[in-house]
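Chains, contacts and geometry: an overview
Below, each chain spelled out in residue letters.
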Amino acid sequence: MLISIEFKNVYKKFPGNDKFSVDGVSTKIEDGEFITILGSSGSGKTSLLKMINRLHDPDSGQILLFGEDISEKNAVELRRSIGYVIQQVGLFPHMTIEKNVSTLPDILKWPKDKTQARVDELLTMVGLDPKSYKSRYPAQLSGGEKQRVGLARALAVRPKIMLLDEPFGAIDAITRLNLQNEILNIHKGVKKTFLFVTHDINEAFKLGDRVMVMNQGKLLQFDTPENIVKNPENEFVKSLIYSARAQEKFWKNL
């Protein structure tokens, strides 16, 4: 069993906050897992995610990637080795889709033919025809298409770890469902470690091999969706399960 990410007693408090945003998190993630991090706003889920690529550094504790302490790594080089997708996508508006996807290969000075082949491969992987999309600009795309391009760009240099911070949060329900199915297929194809932040319990349970449930900076439960439903470990997790089941009752009664 290869451990891709390990948190060792990690704490993080931001200036002006009385409480820890991340409060003593210790856990291990196996290589190739799809992990969802579930919690409401202010639960610490995004803060935990951003410490993996050193957008934030912990106040204390350690984060290990494949057994190596990330505090000893160059932050820029570390970020280049990790895929990162956010809700706002962050595509460069003045660049074509081809150039957006090839951003990191271009920085790393890949040969042109290798880069072009990778762009075609990635756009196909995320369901966008390269011939139709490579020469377009972000303003010509829908929200779902932009998010697909963001995924392609993050996967460009075959990162061993993908971080996704509520990437589908601003997308309509039908497109969101399609993208959820797409990302599951992508994960099966690339077999890398994915960490996906969401506040939606149905999304978390659909996507995650295991789910990290966070509240007020603490990791309350970390298990498979099935085990969490059958054996919630505390009142907060029980309330999450209850809320999801209450929503289901509406549809069953129609």
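Residue positions within a chain follow its written sequence, with the count starting from 1. Two thresholds apply to this predicted model, a pLDDT of at least 70 for residue-level local features and 80 or more for giving and counting side-chain atom pairs, whereas whole-chain, interface and lining totals are computed over all residues. Heavy atoms from the whole structure form the basis of all side-chain values; hydrogens and water molecules are not counted.

The criterion, for reference: UniProt positions are given in the numbering used here, feature names are shortened, and annotations may be inferred rather than shown by experiment.
The chain appears in an unreviewed UniProt entry as Glycine/betaine ABC transporter ATP-binding protein from Campylobacter blaseri. The record held by UniProt for the chain lists under Sequence similarities (unreviewed entry) the comment "Belongs to the ABC transporter superfamily."

1. Observations regarding helix 1 (residues 45-52)
For the record, the criterion: Relative accessible area decides the class of each residue, using a 1.4 Å probe on protein chains only: under 20% of the type maximum gives buried, over 50% gives exposed, and in between gives partly exposed. Going along the chain from the N terminus, every DSSP run of H or I of four or more residues is numbered as a helix, and every run of E of two or more is numbered as a strand.
With respect to burial, helix 1 is a largely interior element, 6 of its 8 residues being buried. Arg54, located one to two residues past helix 1, shows a positive phi value of around 60°.

2. Details of the nonpolar core
For soluble globular proteins, the rule of thumb is that nonpolar side chains tend to be buried together. Basically, it comes down to this: Think of a nonpolar core as a cluster: buried Ala, Val, Leu, Ile, Met, Phe, Trp, Tyr and Cys residues, connected wherever their side-chain atoms sit within 4.5 Å. Contacts: residue pairs with any heavy atoms within 4.5 Å of one another.
Counting residues in hydrophobic clusters, the biggest one holds 28 residues, and the most contacted among them are Val101, Leu151, Met162, Leu164, Ile183 and Phe194. For this core, the secondary-structure elements that each account for two or more residues are helix 3 (97-101), helix 5 (112-125), helix 7 (143-154), strand 7 (161-165), helix 8 (173-190) and strand 8 (193-198). Considering each element in turn, this core owes the most residues, 4 residues, to helix 7. If we ignore the near neighbours within four places in the chain, the residues touching Leu151 are Val85, Val126, Met162, Leu164, Ile183 and Ile186. With 24 residues, the next largest nonpolar core counts Ile5, Leu48, Met212 and Phe222 among its residues.

3. What about the pairing of strand 8?
Here is the rule: The pairing criterion is simple: DSSP has to find at least two bridges between the two strands. Call a crossover right-handed when, viewed with both strands pointing away from you, the route from the first strand across the helix to the second goes clockwise.
Strand 8 sits mainly inside the fold: 6 of its 6 residues count as buried. Of the strand pairs in this sheet, strand 3 (residues 34-38) and strand 8 are connected by 5 bridges, and their pairing is parallel. From the neighbouring strand, Thr36 faces strand 8, where its bridge partner is Phe196. Here strand 7 runs beside strand 8; their pairing, made up of 5 bridges, is parallel. Across the sheet, residue Ile161 finds its bridge partner in strand 8, namely Thr193. For the handedness criterion, the β-α-β arrangement of strand 7, helix 8 and strand 8 is classed as right-handed.

4. Focus on the sheet that holds strand 4 (residues 60-65)
How we decide: Between N-to-C directions, angles span 0 to 180 degrees; the directions come from axes that are lines fitted to C-alpha atoms, helices contributing only their stretch in contact.
Taken together, 4 strands build an open sheet; the order of strands is 2-1-4-5 and the sheet is antiparallel. Two strands in the sheet have a free side with no partner beyond their single neighbour: strand 2 (22-30) and strand 5 (68-69). Relative to strand 2, strand 1 (residues 3-12) is paired through 7 bridges, and the arrangement is antiparallel. When the bridges of strand 2 are listed, Ile3 appears paired with Glu30. Its contacts with the sheet put helix 1 on strand 1, strand 2 and strand 4, and the angle it makes with strand 1 is roughly 120°.

5. Here's the deal with the layout of surface pockets
Spelled out, the test is: Using only the protein atoms, space was sampled on a 1 Å grid; points where a 1.4 Å probe fits but cannot get out form cavities, open sets with protein on both sides within 12 Å along at least five of seven lines form pockets, and lining residues are those with an atom within 4 Å of a point. Grid points are joined across faces, edges and corners, and a volume is the space filled by probe spheres set on the points. As a working rule, the residues Ala, Val, Leu, Ile, Met, Phe, Trp, Tyr, Cys and Pro are called nonpolar, Asp, Glu, Lys and Arg charged, and the rest polar, with Gly in that last group.
Taken as a whole, the largest pocket spans an internal volume of roughly 530 Å³. Forming the boundary of the largest pocket are 20 residues, of which Arg79, Ile82, Tyr84, Leu104 and Arg153 lie nearest the centre. Among the secondary structure elements, those contributing two or more residues to the lining of the largest pocket are helix 2 (75-80), strand 6 (82-86), helix 4 (103-107) and helix 7. When residues in the lining of the largest pocket are grouped by element, the largest group, 4 residues, is from strand 6. Across the lining of the largest pocket, the residue classes break down as 12 nonpolar, 5 polar and 3 charged. The space that makes up the second largest pocket amounts to roughly 230 Å³. Around the second largest pocket, the lining comprises 15 residues; the ones closest to its centre are Leu65, Lys73, Leu78, Ser81 and Ile82.

6. Quick look at the packing of aromatic side chains
Heads up, the condition is: Any Phe, Tyr or Trp ring, taking Trp's six-membered ring, that has another such ring centre within 6.5 Å forms a pair; planes under 30 degrees apart are called stacked, those over 60 apart edge-to-face, and the others tilted. Note on criteria: charge over ring means Lys NZ or Arg CZ within 6 Å of the ring centre, with the direction from the centre no more than 35 degrees off the ring normal.
With the rule as written, the count across this model stands at 4 aromatic pairs. Geometrically, the ring pair formed by Phe34 and Phe196 is tilted, given 6.1 Å between the ring centres and 40° between the ring planes. Linking Phe34 in strand 3 with Phe196 in strand 8, this pair joins segments that are 162 residues apart in sequence. The pair formed by Phe34 and Phe196 is uniform in burial state, with each residue classed as buried. Lying across the ring of Phe66, Lys160 places its NZ or CZ 5.2 Å from the centre. Looking at Arg210, its charged tip hangs above the ring of Phe222, at a distance of 4.0 Å from the centre.

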